[in-house]
Amino acid sequence: MATTEHHRSPTGFNLVPPPGWDVIPLRTGTQEAMDRIVRKAVAQLPVGFPKDDIPQARLKLVKEMKKVVRQARAKGGMTLYLPTERLHGVALPVSIVASEPI
């Protein structure tokens, strides 16, 4: 007796980012995720970082994140994964965008 194998197309995904990465949903909850990342980044500023420079650093980070979010959305992105912690003292210039199927 032969068995019939049924193949289904994937309907979703799970991606578990490595430690030190953060997730920004691009459909809903984007602003909340960006706010959380900015708060975490400001909390991780080195001791001795001039307090007067914190607002400017915050604005620069928000501007850069909005740019990356816009680019990811323009390419059909649903979720954006970014490294938010340094690896061996180096900021990784990389991101992962999960997008809709083509």
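Keep in mind that this is a model prediction, so the values were computed, not measured. (Residues numbered from 1 in each chain as written. Predicted model: local features only at pLDDT ≥ 70, side-chain atom pairs only at ≥ 80, totals over all residues. Heavy atoms only, no water.)

**Thoughts on the overall build of the protein**
When its secondary structure is counted, the protein shows 2 helices and 3 strands. For the protein, the succession of helices and strands along the chain, N to C, is β-α-α-β-β. Taken along the three principal axes of its C-alpha coordinates, the protein extends 75 × 30 × 20 Å. Here the protein, with 102 residues, has 21% of them falling under the buried criterion. Sequence separation of 24 or more characterises 57% of the internal contacts of the protein that already satisfy a separation of 6 or more. Here the protein displays about 8300 Å² of accessible surface, and carbon together with sulfur accounts for 57% of that area. (Helix = DSSP H or I, 4+ residues; strand = E, 2+ residues; numbered from the N terminus. Buried < 20%, exposed > 50% of the residue type's maximum accessible area, 1.4 Å probe, protein only. Contact = heavy atoms within 4.5 Å. Areas by Shrake-Rupley, 256 points an atom, 1.4 Å probe, with all protein chains shown as cover.)

**A look at the environment of V23**
In this structure, V23 sits in strand 1 (residues 21–25). Along the sequence, V23 and E85 sit 62 residues apart, while their C-alpha atoms lie 13 Å from each other. Each residue touching V23, except ones within four places of it in the same chain, is listed here: P17, A33, R36, T79, L80 and Y81.

**Quick notes on the side chain of D22**
As for its position among the elements, D22 is in strand 1. Judged by its relative accessible area of 9%, D22 falls in the buried class.

**Remarks on the side chain of T79**
Within the secondary structure, T79 sits in strand 2 (residues 77–83). Those residues in contact with T79 that lie beyond four places of it in its chain are F13, V23, I24, P25, L26, I96, V97 and A98.

**Side note on a positive patch on the surface**
A surface patch of positive charge is lined by K63, K66, K67 and R70. Position of R70 among the secondary structure elements: in helix 2 (residues 54–74). Using a relative accessible area of 55% as the deciding quantity, one classes R70 as exposed. (Patch = residues over 30% accessible without salt bridge, like charges linked within 9 Å, V, L, I, M, F, W, Y side chains within 5 Å. Salt bridge = Lys/Arg side-chain N within 4 Å of Asp/Glu carboxyl O. Lys, Arg positive; Asp, Glu negative; His and termini not counted. Charge placed at Lys NZ, Arg CZ, Asp CG, Glu CD.)

**Description of the environment of T79**
A relative accessible area of 13% means that T79 is categorised as buried. Separated by 52 residues in the primary sequence, T79 and R27 have C-alpha atoms spaced 7.9 Å apart.

**Comments concerning the nonpolar core**
The biggest cluster of nonpolar side chains holds 12 residues, and these are I24, L26, A33, M34, I37, V38, V42, M65, V69, A72, L80 and L82. At the level of elements, helix 1 (30–43), helix 2 and strand 2 are the ones that each hand at least two residues to this core. If one sorts the elements of this core by residue count, helix 1 sits on top with 5 residues. (Core = buried A, V, L, I, M, F, W, Y, C linked by side-chain atoms within 4.5 Å.)

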